Amino acid sequence: MALFLLGGRLFKRRGDIHRAATAIRPFILCSSMASGRQHVNGVDLYYEQTGRGKHAVLLLPGALGSTRTDFGPQLKALNKENFTVVGWDPRGYGRSRPPDRDFPPDFFERDAKDAVGLMKALGFGKFSLLGWSDGGITALIAAARNPDLINKMVVWGSNAFVSQHDLELYDGSICMELLPLITCPTLIIHGEKDPMVPSFHPQSLLKHIKGSRLHLMPEGKHNLHLRYADEFNKLVEDFLEG
């Protein structure tokens, strides 16, 4: 039976991945935004952009996710005077098809290159990252590989390694060796009731990312930015503006 790794979480069937994804992603459509496709690294990437602030922010969705399914409350409510918010569909997801999604060994690195390439193509010389779950892993890699481009970073529901229990199924490192290369101010948010990411993962990120800080949400689960959108958005805005 095939095994799939998404965000450090192993699923035995594609159906398991679909159920895990759809269980936490309500569809929310936002108005008053521009959208389009940008040719980056050989593919056409779909993006949506809202706000007119000087501080550019890129939203990075989770496994099987897209900007609309994963970040409705952020696209709608993050301060449009202070921020220009860009959401995107990674290659093979949402409206960034074709091509169909595949998972080569370096797909996180590939997504990071695509994300940075998209922001450059849109004319942003420096920007911040908000990464959820697999998107958080992509953000960690992008920040490590491009320290001069990343202003600040917020990650939640993410991990840089798989636990000892899974080592015989998958290489133990996802991007652990890159964490010391991250130099931007980093906020790690963790829902203490997250059933998919144990608490030792954010603690490990905190330990290995210099100068990072950790904020715990006692009632938060994996989709804390959707379930507690107002609290999450305020936390993010305060961090990005601070």
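Structure shown above.
This is a predicted model, so every value here is computed, not measured. (Residues numbered from 1 in each chain as written. Predicted model: local features only at pLDDT ≥ 70, side-chain atom pairs only at ≥ 80, totals over all residues. Heavy atoms only, no water.)

Caption draft 1: Quick peek at the pattern of salt bridges. Summed over the entire model, instances satisfying the criterion amount to eight salt bridges. Ionic pairing is found between Glu 48 and Arg 68, a salt bridge with its closest N-O pair at 2.5 Å. Of the two residues, Glu 48 sits in strand β4 (residues 43-50) while Arg 68 sits in helix α2 (residues 67-70), which places them 20 residues apart along the sequence. The pair Glu 48 / Arg 68 is uniform in exposure class, with both members buried. Note that Asp 238 and Lys 234 form a salt bridge whose closest N and O atoms lie 2.7 Å from each other. Of this pair, Asp 238 and Lys 234 are both found in helix α8 (residues 229-241), four residues apart, which corresponds to roughly one turn of the helix. By relative accessible area, which is 40% here, Asp 238 ends up partly exposed. (Salt bridge = Lys/Arg side-chain N within 4 Å of Asp/Glu carboxyl O. Helix = DSSP H or I, 4+ residues; strand = E, 2+ residues; numbered from the N terminus. Buried < 20%, exposed > 50% of the residue type's maximum accessible area, 1.4 Å probe, protein only.)

Caption draft 2: Broad picture of the pairing of strand β7 (residues 127-132). Judged by how many residues are buried, β7 sits mostly within the fold: six of six residues are covered. Sheet topology places strand β5 (residues 55-60) next to β7; four bridges connect them, and they run parallel. Across the sheet, residue Leu 58 finds its bridge partner in β7, namely Leu 129. Once you follow β7 into helix α5 (residues 134-145) and on to strand β8 (residues 150-156), the crossover reads as right-handed. (Pairing = 2+ DSSP bridges. Right-handed = clockwise from strand over helix to strand, strands pointing away.)

Caption draft 3: Structural context of α5. The end-to-end C-alpha separation of α5 is 17 Å, in line with the 16 Å expected for 12 residues at 1.5 Å each. By the criterion of burial, α5 is predominantly enclosed, with 11 of the 12 residues buried. Of the positions making up α5, those classed as buried are Asp 134, Gly 135, Gly 136, Ile 137, Thr 138, Ala 139, Leu 140, Ile 141, Ala 142, Ala 143 and Ala 144. (Expected span 1.5 Å × (residues − 1).)

Caption draft 4: Region of interest: empty space enclosed by the protein. Counted under the stated rule, the structure contains three cavities of 30 Å³ or more. The volume enclosed by the second largest cavity comes to roughly 80 Å³. If you trace the second largest cavity, you find 14 residues lining it, with Pro 61, Asp 111, Asp 134, Gly 135 and Thr 138 closest to the centre. Here the residues of the lining of the second largest cavity are counted per class, giving eight nonpolar, three polar and three charged. (1 Å grid on protein atoms, 1.4 Å probe; cavity = no way out; pocket = protein on both sides within 12 Å on 5 of 7 lines; lining within 4 Å. Points joined across faces, edges and corners; volume = space filled by probe spheres on them. Nonpolar A, V, L, I, M, F, W, Y, C, P; charged D, E, K, R; others polar.)

Caption draft 5: Expanded view of the nonpolar core. Judged by nonpolar contacts, the single largest core of 41 residues is most densely connected at Phe 127, Leu 129, Leu 140, Met 153 and Ile 182. Of all the elements in the fold, those that place two or more residues in this core are β4, β5, β6 (83-88), α4 (107-121), β7, α5 and β8. Apart from residues lying up to four places away in sequence, Leu 129 is in contact with Leu 58, Leu 60, Ala 139, Ala 142, Ala 143, Ile 150, Lys 152, Met 153 and Val 154. Ranked by size, the runner-up nonpolar core spans 19 residues in total, among them Phe 71, Leu 75, Trp 132 and Leu 224. (Core = buried A, V, L, I, M, F, W, Y, C linked by side-chain atoms within 4.5 Å. Contact = heavy atoms within 4.5 Å.)

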